[in-house]
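Observations on chain architecture
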Amino acid sequence: MSGGRFITLEGGEGTGKSTQARRLAQHLRALGREVVETREPGGTPGAEALRHVILSGAAEPFGPTAEAMLFAAARADHVAGLIAPALAAGKIVVCDRFIDSTRVYQGAVGAVAPGLLDSLEALSVGTVRPDLTLMLDVPPEIGLARAAKRAAGAAADRFEKEGGDYHAAVRAAFLAREEAEPGRCVLIDASADADAVAAAIADVVAARLGLGPREIADTYAMAGA
Ligand code: T5A
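First, a word on scope: everything that follows refers to the structure included in this document. (Residues numbered from 1 in each chain as written. Predicted model: local features only at pLDDT ≥ 70, side-chain atom pairs only at ≥ 80, totals over all residues. Heavy atoms only, no water.)

1. Describing the environment of Ile54
The condition is simple: The helix count covers DSSP runs of H or I at least four residues long, the strand count covers runs of E at least two residues long, and both are numbered beginning at the N terminus. For every residue, the accessible area (1.4 Å probe, protein chains only) is compared with the maximum for its type, and the residue is labelled buried under 20%, exposed over 50%, or partly exposed between those bounds.
Here Ile54 shows up in helix 2 (residues 45-55). For Ile54, a relative accessible area of 0% corresponds to the buried category. Taking the C-alpha atoms as reference points, Ile54 and Ala68, separated by 14 residues in sequence, lie 9.9 Å from one another.

2. Let's talk about the pairing of strand 3 (residues 92-96)
Definition in use: Pairs of strands are assigned from DSSP output, requiring at least two bridges between the strands.
The element strand 3 is extensively covered by neighbouring structure, given that five of its five residues are classed as buried. The alternating pattern of strand 3 places Ile92, Val94 and Asp96 on one face and Val93 and Cys95 on the opposite face, and all of these are buried. Of the pairings in the sheet, the one linking strand 1 (residues 5-10) to strand 3 comprises five bridges and is parallel in character. Note on strand 3: the bridge partner recorded for Phe6 is Val93. Alignment of strand 2 (residues 35-39) against strand 3, held across five bridges, turns out to be parallel. The residue of strand 3 that forms the bridge with Glu37 is Val94.

3. Quick word on the packing of aromatic side chains
The following threshold applies: Only the six-membered ring of Trp is used, alongside the rings of Phe and Tyr, when aromatic pairs are assigned; centres must lie within 6.5 Å, and planes under 30 degrees apart are stacked while those over 60 apart are edge-to-face, with the rest tilted.
The tally for this structure, following the rule as stated, stands at three aromatic pairs. For the pair Phe6 and Phe98, a centre-to-centre distance of 4.9 Å together with 75° between the ring planes defines the contact as edge-to-face. Of this pair, Phe6 sits in strand 1 while Phe98 sits in the loop between strand 3 and helix 4 (99-109), placing them 92 residues apart in sequence. Phe98 matches Phe6 in its accessibility class, with the two residues each being buried.

4. Examining the pattern of salt bridges
Rules: Salt bridges are counted wherever a side-chain nitrogen of Lys or Arg sits within 4 Å of a carboxyl oxygen of Asp or Glu.
This model, assessed by the stated rule, comprises 14 salt bridges. Here Glu121 ties to Arg103 by a salt bridge, and the two come within 3.0 Å at their closest N and O atoms. Of this pair, Glu121 sits in helix 5 (residues 114-125) while Arg103 sits in helix 4; the two residues are 18 residues apart in sequence, bridging distant segments of the chain. This pair shows no difference in class: Glu121 is buried, exactly as Arg103 is. In this structure, Arg184 engages Glu181 in a salt bridge whose closest nitrogen and oxygen atoms are separated by 3.1 Å. Residue Arg184 is classed as buried on the basis of its relative accessible area of 10%. Each of Asp100, Arg177, Glu181 and Arg184 takes part in one network of salt bridges that share partners.

5. Some points on the site of the ligand
Defined as follows: A cutoff of 4 Å decides nearness: a residue is near a molecule or strand if any of its heavy atoms lies inside that distance of it. N or O atoms closer than or at 3.5 Å make up a polar contact, with two conditions inside protein: a donor-capable atom paired with an acceptor-capable one, and, for residues adjacent in sequence, both atoms drawn from side chains. Three classes are used: nonpolar for Ala, Val, Leu, Ile, Met, Phe, Trp, Tyr, Cys and Pro, charged for Asp, Glu, Lys and Arg, and polar for all others, with Gly counted as polar.
The local shell around the ligand holds 28 residues, among which Glu13, Lys17, Thr19, Thr102 and Arg150 are the closest. Taking Arg51, its side chain carries an N or O atom lying 3.0 Å from an oxygen atom of the ligand. The side chain of Arg75 places a nitrogen or oxygen atom 3.1 Å from an oxygen atom of the ligand. Mapped by element, the contributors of at least two residues to the shell around the ligand are helix 1 (17-30), helix 2, helix 3 (64-88), helix 4 and helix 6 (140-151). Top contributing element to the shell around the ligand by residue count: helix 4, with four residues. Taken together, the residues of the shell around the ligand break down into eight nonpolar, nine polar and eleven charged.

Written out as structure tokens, the structure is:
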């Protein structure tokens with residue numbers, strides 16, 4: 001397949017994933033790269049329909065295992081219909097949430113059995129794995145305040161309405177994923193302003209994937225980062 005590269009952004013509510021996915025896509029396009037910007041749950045018409053079902057809370061009564069199956073169904077459609085073809089065509093895919101979100105929300109927090117999640121992941125993504133995952137981290141109270149400000153009075157979704165302990169557990173689980181896979185994941189302090197976070201991400205993408213102004217990648221290589 002490809003010169004394609006697959007970059008995912010992960011983290012709790014309001015950490016700035018959507019903002020930074022958009023900024024990263026703009027940055028890479030300005031460097032002359034062809035970029036597909038997408039999100040989960042969603043990204044294809046079928047997966048967006050499932051997004052509506054999941055985030056409305058309609059599947060919540062069936063429990064975390066049923067929700068994990070719906071996320072996997074949406075992901076299978078997204079990977080087959082959009083992500084895999086884009087990577088095969090040599091494009092850069094920037095995706096707001098992916099497999100780590102399932103491992104955190106349905107696995108670590110929802111207590112769905114790891115073996116079942118392994119099987120669902122294998123079925124839904126096959127060999128399509130992120131080359132780089134940016135783990136955006138802010139204290140949950142900051143993230144939830146940002147999400148609430150953006151929603152401006154609209155009802156919280158199925159996951160946003162959970163309590164403080166839930167969001168603290170989500171944050172801890174994302175940090176544990178980053179610690180377990182340092183070759184793929186990079187922790188980003190997302191509490192700074194959006195410009196500073198975007199600059200930090202551009203540096204990481206240059207250093208890890210060589211996608212950036214040559215001098216940034218070279219500086220990291222010389223520093224052994
Ligand atoms: N889910 C998802 C699962 O349970 N399992 C799964 O497998 C998957 C894929 C998705 C929900 O589904 C769950 C997790 C989620 O709960 P969603 O609507 O896609 O829900 O929502 P989130 O992904 O949580 O994204 P949010 O929209 O809440 O937040 P973002 O994308 O992290 O933040 P963003 O960029 O929209 O920014 C929020 C606000 O903060 C401002 C922005 O302008 C915006 O107003 N902002 C900043 N303010 C100050 N400083 C900064 N650095 C800022 N960056 C952004």
